[in-house]
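Examination of the molecular architecture
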Amino acid sequence: MSTPAAFQLKTGSIISSASLSISFVQNKVKNSAGPTTLFIHGLDSSSQTWRGIQQSLDTPSVAIDCRGCGRSALGNPDDFSPDALVEDVKSLVNSHPLLRDDSFVLVGHSMGGRVAMCYAAKYPNDISALVVEDMDIMRRSVESNFIQNFDEARAIAFERGHETLDSVKREFDSIGYPPDMQSKWIDEGRIHKDENDGSKYNFWSEVNPAFRALCYRTIFDSNSGEESWTAIARNLRQKIENGDEMKSAKVHLMVAGIGTVCDEASLDSMRESISGVQEGKHSPMSVKTYAQGTHSIHNSAREEFMADLGQIINSAR
């Protein structure tokens with residue numbers, strides 16, 4: 001898709017049903033008739049990862065900062081759960097004019113894909129298409145976290161605002177994050193000078209290790225993936241049986257060709273669950289592997305990602 005003649009990225013926030021401030025970035029795109037796309041980021045990330053995509057879309061979009069990430073409040077760690085994340089998204093949907101009045105395309109990358117699945121399972125009528133970028137439904141233990149010597153207690157206590165860049169880096173060091181990851185985040189703008197009016201900090205980290213720790217504890221190391229996918233298949237089947245096939249959201253799995261985190265057996269299970277929904281007809285799910293794409297397909301294979309996303313959005317009109 002071509003870059004819009006005039007795009008208008010704008011940040012904002014809402015107060016969720018859990019009384020937390022949830023931030024977002026929107027691109028209204030003037031005079032666009034296309035459906036809105038809602039983006040959900042993964043671990044060690046924020047809405048920042050979608051800005052290049054939002055700037056290139058010629059249809060409206062909103063990218064959420066999940067609780068604890070970007071500028072969104074974390075709240076009480078004891079309240080963190082898959083359903084809490086879903087309800088944060090629902091609060092944004094209910095309050096945002098680009099989302100509340102019509103169905104939208106829901107895109108989730110990595111852990112954001114898990115959140116998107118949970119949302120689609122609970123609120124199937126809200127979405128016109130579901131895009132899951134490089135994520136499966138396999139249960140993963142807390143111990144499978146690839147950050148070696150990850151200090152969960154320090155991660156949950158992490159403060160995103162700091163006086164100096166060295167202070168931010170020391171905090172990440174103490175949790176177990178390698179220096180090369182931190183340098184990459186600085187280069188990408190995930191750790192940056194804090195230019196918010198009235199801020200008492202000089203530097204801000206969009207990345208919050210607490211989100212990684214709590215997602216592993218409550219989402220990865222649970223059956224939420226399988227349960228949400230089963231519910232998605234059930235919802236699709238019910239709509240088709242009721243003659244509402246045209247109203248059912250299409251499901252699109254995007255798999256990285258290089259270093260995917262997806263387990264092949266888990267992907268097979270996902271295919272099997274959906275393929276049986278509409279026997280003898282075109283499947284409501286597509287699966288595509290991006291040969292040149294790494295885990296973050298929307299960054300590593302952007303042109304191909306944008307072309308496919310554009311087709312998905314057009315089909316959802």
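Now for a look at the structure at hand.

Conventions used here
Residues numbered from 1 in each chain as written. Predicted model: local features only at pLDDT ≥ 70, side-chain atom pairs only at ≥ 80, totals over all residues. Heavy atoms only, no water. Salt bridge = Lys/Arg side-chain N within 4 Å of Asp/Glu carboxyl O. Helix = DSSP H or I, 4+ residues; strand = E, 2+ residues; numbered from the N terminus. Buried < 20%, exposed > 50% of the residue type's maximum accessible area, 1.4 Å probe, protein only. Phe/Tyr/Trp six-rings, centres within 6.5 Å; stacked < 30°, edge-to-face > 60°. Lys NZ or Arg CZ within 6 Å of the ring centre and 35° of its normal.

Let us now look at the pattern of salt bridges. Tallied over the full model, the rule gives 17 salt bridges. Residues D221 and R139 are paired through a salt bridge, measuring 3.1 Å at the closest nitrogen-oxygen approach. Here the residue D221 occupies a position in the loop between α7 (209–220) and α8 (224–241), and R139 occupies one in the loop between β6 (127–133) and α4 (152–156), the gap between them amounting to 82 residues. E152 serves as the salt-bridge partner of R217, at 2.9 Å between the closest nitrogen and oxygen. With R217 in helix α7 and E152 in helix α4, the pair connects residues that are 65 residues apart, well separated along the chain. Judged by its relative accessible area of 26%, E152 falls in the partly exposed class. Here the salt bridges do not stand alone but share partners, grouping D83, E87 and K122 into one network.

Describing an aromatic ring pair means giving the distance of the ring centres and the angle of the ring planes. On inspection of all chains with the given rule, the structure shows eleven aromatic pairs. Seen in terms of ring centroids, F172 and Y177 are 5.3 Å apart; in terms of plane orientation they differ by 90°. Their pairing is edge-to-face. Among the aromatic residues, those joined into a cluster by ring pairs are F150, F158, F172, Y177 and W185. One residue, R71, lies across the ring of W204, its end atom 4.2 Å from the ring centre. Across the ring face of F220, the terminal group of R140 is positioned such that the distance to the ring centre comes to 5.3 Å.

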